[in-house]
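The chain contents come next:
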Amino acid sequence: MKLVYLFLGPMALLILAGCGCVLSNASRDLHTFVGCAVREFTFLAKKPGCRGLRITTDACWGRCETWEKPILEPPYIEAYHRVCTYNETKQVTVKLPNCAPGVDPFYTYPVAVRCDCGACSTDTTECETI
């Protein structure tokens, strides 16, 4: 039997992006969609000493407006970069199967509630710099 606990806590990392409405595959073409959406995402939760558990959750996903233009004064570029990122999450904890004795079997992950285009925050998103 799986034990599931909801609680607030520090946010774990998921590499996806999105907005405040659920993206319907039937009503939107994912190849041309511009914006942010909460979208279903499946991953394998693993930790040393336990078997993996396939988890389906909601994560942020999408593309946001971004641009750069040259200017004559330092820093010689004006930039506007936004990414799909978490606006609101809840934390879920599950018990991983068949853990070795002495190994904590609990695994916590975030579930997206609302997502928005915004500045990249390393607290919630993997941000790359060029």
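The preceding data block contains the structure.
Residues numbered from 1 in each chain as written. Predicted model: local features only at pLDDT ≥ 70, side-chain atom pairs only at ≥ 80, totals over all residues. Heavy atoms only, no water.

Colleague: Help me understand the packing of aromatic side chains, please; the structure alone is not making it clear to me.
Modeller: How two aromatic rings sit relative to each other is set out by the distance from centre to centre and by the angle between their planes. Inspection of the entire model under this criterion finds 6 aromatic pairs. Here F43 and Y109 contribute two aromatic rings whose centre-to-centre distance is 5.7 Å and whose plane-to-plane angle is 75 degrees, an arrangement assigned as edge-to-face. Here the residue F43 occupies a position in strand β2 (residues 35-45), and Y109 occupies one in strand β7 (residues 106-118), the gap between them amounting to 66 residues. The class for F43 is buried, based on a relative accessible area of 13%. Assessed through its relative accessible area of 9%, Y109 is described here as buried. (Phe/Tyr/Trp six-rings, centres within 6.5 Å; stacked < 30°, edge-to-face > 60°. Helix = DSSP H or I, 4+ residues; strand = E, 2+ residues; numbered from the N terminus. Buried < 20%, exposed > 50% of the residue type's maximum accessible area, 1.4 Å probe, protein only.)

Colleague: Help me understand the nonpolar core in this model?
Modeller: Proteins that are soluble and globular tend to have nonpolar side chains buried together. Counting 10 residues, the largest nonpolar core is built from F43, A45, C50, L53, I55, V92, V94, L96, Y109 and V111. Listing elements by their share of this core, those giving two or more residues are β2, β3 (53-63), β6 (83-95) and β7. Discounting chain neighbours no more than four positions away, the residues touching Y109 are F43, I55, T57, K90, Q91, V92 and V94. Among the nonpolar cores identified, the runner-up in size contains 6 residues, and V38, C60, Y86 and A112 belong to it. (Core = buried A, V, L, I, M, F, W, Y, C linked by side-chain atoms within 4.5 Å. Contact = heavy atoms within 4.5 Å.)

Colleague: Would you mind showing me how to read the pattern of salt bridges here?
Modeller: Any two side chains of opposite charge can pair, on the condition that their charged atoms come close. A complete count under the given rule lists 2 salt bridges for this structure. In this structure, R114 engages E88 in a salt bridge whose closest nitrogen and oxygen atoms are separated by 3.2 Å. In this pair, R114 is assigned in strand β7 and E88 in strand β6, connecting sequence segments 26 residues apart. (Salt bridge = Lys/Arg side-chain N within 4 Å of Asp/Glu carboxyl O.)

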